[in-house]
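Spelled out from the first residue to the last, the chains are:
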Amino acid sequence: MVADARELAGELVGLRRALHREPEVGLHLPRTQERVLRALDGLPLEITTGRDCTSVTAVLRGRGDGVVLLRGDMDALPVQEETGLAFASEVDGAMHGCGHDLHTAMLVGAAHLLSARRDRLGGDVVFMFQPGEEGWEGARTMIREGVLDAAGRRADAAYGLHVFSNLGPAGRFSTRPGVMLAASATLTVTVHGEGGHGSAPHQAKDPVPVLAEMVTALQTAVTRRFDVFDPVVLTVGVLRAGTRSNVIPDTAAFEATIRTFSEESGRRMRETALRVVSGIAEAHGVTAEADYTEGRPPTINDDEEAAFAREVVAETFGDERYAPLADPFTGAEDFSRVLREVPGCFLALGALPPGADPDKAPYNHSPRAVFDDSVVGDGAALLTELARRRLLTPSGGQR
């Protein structure tokens, strides 16, 4: 399998680089969808495209009644690329800064490798080419449109992987049972005071110090009200207030991202955040509008599927190509929505460029993030082996 994948790797790298030159953001990726459909042309697949997004769902029919889903996300980020690569983005303000171009190429590779082995598959494989992972709820849209039942019944297992620009060595896989990535939420707060002259704050109701107190109090709440072994991460990324130094504004606002690792912490953080904001506003005699929006749930690997994935990596590539993760990643992933419905496993794949220092290499989402695309063939091989071996038992039962 690995040898076959590496023979295909040159073509897959070419596809990845073509996608990288023409990144598209969001749920509607017409050029990307067209490239994927061309890359799948001629394979024995039942292909459908999305109604509310430019997704591609392809079903490969095997000989048994098992069903495995493999997912690759396709969308880019609204980031201006600064890598200087020969195949850098040609689209202003858009960049494949999270490696989804690699994921798409890997899934195309798995479709080719598994199609060549369809007569030996103990069931069907669903290939989920997903737009809109970067905050656009692409997985939710595809689930609503039936991707989990695309083969005629619910998938027995689902697998996906994600490359990381600062994890080395390149080509090493990692995962863990249980929580793999955090849940995400957004807190947006607007404080309403009364504007006035900067020299006479007693004649106004200044929302700025109220806002600052809220930011500090929320950080204190994280360290004082939550168990350090079930952590919460809160980062205020946006602050807005005022137009000039001598003008007290009517309003001030902030936006924060919140990451949690359990349903209980997520619920308690919502209650805590809204109570803190409301209490501080009341204490200062102003009002505050607070919106706490739930994002993705935590990405939770099934224990048995994580153990299976570890075995497949070791048997396919050798023990040295697997490194267990001690802790979850604090990032969030909408593959979590698939894993809420179907047992499965999400893996990390190191894509640190040759000679780069992992402590200094730009991380995913950086305008300078660079991924070693030599890992594309191995990613395709792993997805192929996960599906093939999981379908060895026709009903998708115990391995």
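Here the structure is a predicted model, which means the values were calculated and not measured. Every chain begins its residue count from 1, and numbering advances along the sequence as written. In view of the model being predicted, local features appear only for residues whose pLDDT reaches at least 70, and side-chain atom pairs are presented and counted only at 80 or more, with totals across whole chains, interfaces and linings using the full set of residues. Hydrogens are left out, water is left out, and the side-chain values use all remaining heavy atoms of the structure.

**Digging into the packing of helix 5 (residues 207-225) against helix 6 (residues 263-283)**
Okay, so step 1: A fitted line through C-alpha atoms serves as each axis, taken over the contacting stretch for helices, and the angle formed by two N-to-C directions is quoted from 0 to 180°. Numbering of helices and strands runs from the N terminus, with a helix taken as a DSSP run of H or I at least four residues long and a strand as a DSSP run of E at least two residues long. Their axes nearest at 10 Å, the elements helix 5 and helix 6 cross at an angle of 145°. Crossing angle aside, the handedness with which helix 5 passes helix 6 is right-handed. For the pair helix 5 and helix 6, the contacting residues are Val 210, Glu 213, Met 214, Ala 217, Leu 218, Ala 221, Val 222 and Arg 225 in the first and Arg 268, Met 269, Thr 272, Ala 273, Arg 275, Val 276, Val 277, Ile 280 and Ala 281 in the second. A crossing counts as left-handed when the near helix is turned anticlockwise from the far one by less than a right angle, and as right-handed when that turn is clockwise. It only takes one pair of heavy atoms within 4.5 Å for two residues to be counted as in contact.

**Concerning helix 5**
Okay, so step 1: Relative to the 27 Å expected for 19 residues at 1.5 Å per residue, helix 5 spans 26 Å between its end C-alpha atoms, a close match to the ideal helical length.
Okay, so step 2: As for helix 5, its buried residues are in contact with strand 8 (183-192), strand 10 (232-241), strand 11 (247-248), strand 12 (251-260), helix 6 and strand 13 (287-294).
Okay, so step 3: For this analysis, a polar contact is any N or O atom pair within 3.5 Å, provided that within protein one partner can donate a hydrogen and the other can accept it, and provided that sequence-adjacent residues contribute only side-chain to side-chain pairs. Looking at where helix 5 begins, the residue whose side-chain oxygen comes 2.9 Å from the main-chain nitrogen of Val 208 is Asp 206. A helix is expected to span 1.5 Å for every residue after the first.

**Regarding the sheet that holds strand 6 (residues 173-174)**
Strand pairing in a sheet is mediated by backbone hydrogen bonds. Such pairs are either parallel or antiparallel.
Okay, so step 1: What makes two strands pair is DSSP finding at least two bridges between them. The sheet built from seven strands is open, its strands ordered 1-2-4-3-5-15-6 with mixed pairing. What marks the edges here is a single partner per strand, and that holds for strand 1 (45-49) and strand 6.
Okay, so step 2: In this sheet, strand 15 (residues 344-350) lies alongside strand 6 in antiparallel orientation, the contact comprising two bridges. Counted as the bridge partner of Ser 174 is Ala 348 from strand 15.

**Overview of the packing of aromatic side chains**
Okay, so step 1: Paired rings are identified among Phe, Tyr and Trp, the last through its six-membered ring, by centres lying within 6.5 Å, and are further divided according to the angle between planes into stacked (under 30 degrees), edge-to-face (over 60) and tilted (the rest). As enumerated under the stated definition, the model contains five aromatic pairs in all.
Okay, so step 2: Each ring, one from Phe 164 and one from Phe 329, has its centre 4.7 Å from the other, and the planes form 15°; the classification is stacked. In this pair, Phe 164 sits in strand 5 (residues 157-164) while Phe 329 sits in the loop between helix 7 (303-317) and helix 8 (335-341), placing the two residues 165 residues apart along the sequence. Summarising the burial analysis for this pair, Phe 164 and Phe 329 share the class buried.
Okay, so step 3: Taking 6.4 Å as the distance between ring centres and 15° as the angle between the ring planes, the aromatic pair formed by Phe 164 and Tyr 363 counts as stacked. Highlighted residues: Phe 164 in strand 5 and Tyr 363 in the loop between strand 15 and helix 9 (376-390), separated in sequence by 199 residues.
Okay, so step 4: Partly exposed residues are those whose accessible area sits between 20% and 50% of the maximum for their type, while under 20% is buried and over 50% is exposed, using a 1.4 Å probe and protein chains only. The exposure class of Tyr 363 is partly exposed, given its relative accessible area of 41%.
Okay, so step 5: In textbook terms, an aromatic cluster arises when at least three aromatic residues are bridged by ring pairs, as seen for Phe 164, Phe 329 and Tyr 363.
Okay, so step 6: Only when the NZ of Lys or the CZ of Arg is both within 6 Å of the ring centre and within 35 degrees of the ring normal is a charge said to sit over the ring. Over the face of the ring belonging to Phe 226 we find Arg 268, whose NZ or CZ atom lies 4.5 Å from the ring centre.

**As for the environment of Val 2**
Okay, so step 1: Assignment of secondary structure puts Val 2 in helix 1 (residues 2-21).
Okay, so step 2: Residue class for Val 2 comes out buried when judged on its relative accessible area of 16%.
Okay, so step 3: Along the backbone, Val 2 and Ala 361 are 359 residues apart, and their C-alpha atoms lie at a distance of 28 Å.
Okay, so step 4: In contact with Val 2, not counting residues within four places along its chain, are Thr 316, Phe 317, Asp 378 and Ala 381.

**What about the UniProt feature "domain: Peptidase M20 dimerisation" (unreviewed entry) in the chain?**
Okay, so step 1: UniProt positions are given in the numbering used here, feature names are shortened, and annotations may be inferred rather than shown by experiment. The UniProt feature table records "domain: Peptidase M20 dimerisation" (unreviewed entry) at residues 184-269.
Okay, so step 2: Annotation note: span residues 184-269, helix share 30%, strand share 38%, distance between end C-alpha atoms 11 Å.

**A closer look at the pairing of strand 4 (residues 123-130)**
Okay, so step 1: Buried residues dominate strand 4, accounting for eight of its eight residues.
Okay, so step 2: Sheet analysis places strand 3 (residues 66-73) next to strand 4, joined by eight bridges and oriented parallel. When the sheet's bridge partners are listed, Val 68 is paired in strand 4 with Val 125.
Okay, so step 3: You can see the chain leave strand 3, run along helix 3 (residues 100-115) and come back into strand 4, and the turn it takes is right-handed. A clockwise course of the path from the first strand over the helix to the second, judged with the strands pointing away from the viewer, identifies a crossover as right-handed.

**Let's talk about the pattern of salt bridges**
Okay, so step 1: Salt bridge, as applied in this entry: a Lys or Arg side-chain nitrogen positioned within 4 Å of an Asp or Glu carboxyl oxygen. This structure, assessed with the given rule, holds 32 salt bridges.
Okay, so step 2: Asp 52 is the salt-bridge partner of Arg 144, the closest N and O atoms lying 3.0 Å from each other. In this pair, Arg 144 sits in helix 4 (residues 138-144) while Asp 52 sits in the loop between strand 1 and strand 2 (56-60), placing the two residues 92 residues apart along the sequence.
Okay, so step 3: Across the pair Arg 153 and Asp 156 runs a salt bridge whose closest N-O atoms are separated by 2.9 Å.
Okay, so step 4: When salt bridges that share partners are traced, they join Arg 16, Arg 17, Asp 101 and Asp 373 into one network.

**Examining the side chain of Glu 133**
Okay, so step 1: For Glu 133, the location among the structural elements is in the loop between strand 4 and helix 4.
Okay, so step 2: Looking at Glu 133, the relative accessible area reads 3%, which means it is buried.
Okay, so step 3: Within polar-contact distance, the side chain of Glu 133 engages the backbone nitrogen of Asp 334 at 3.4 Å.
Okay, so step 4: With residues up to four places along the chain from it excluded, the contact list for Glu 133 reads Arg 71, Asp 73, Asp 75, His 100, Arg 296, Ala 332, Glu 333 and Asp 334.

**What to know about the nonpolar core**
Okay, so step 1: Take the buried Ala, Val, Leu, Ile, Met, Phe, Trp, Tyr and Cys residues and link them wherever side-chain atoms come within 4.5 Å; each set so joined is a nonpolar core. Of all hydrophobic cores here, the largest spans 59 residues; its most connected members are Leu 40, Leu 70, Met 106, Val 125, Phe 127, Phe 129 and Leu 382.
Okay, so step 2: Of all the elements, helix 3 adds the most residues to this core, at nine residues.
Okay, so step 3: Once residues within four sequence positions are removed from consideration, Phe 127 is found in contact with Leu 45, Val 56, Thr 57, Ala 58, Leu 60, Leu 70, Leu 107, Ala 110, Ala 111 and Leu 114.

**Concerning the confidence of the model for the chain**
Okay, so step 1: What pLDDT conveys is the predictor's confidence in a given residue, as a value from 0 to 100. Residue-level pLDDT values for the chain average 95, and 98% of them are 70 or greater.
Okay, so step 2: Segment residues 394-399: pLDDT under 50, and 19 contacts once partners within four positions in sequence are set aside and those in other chains are kept.

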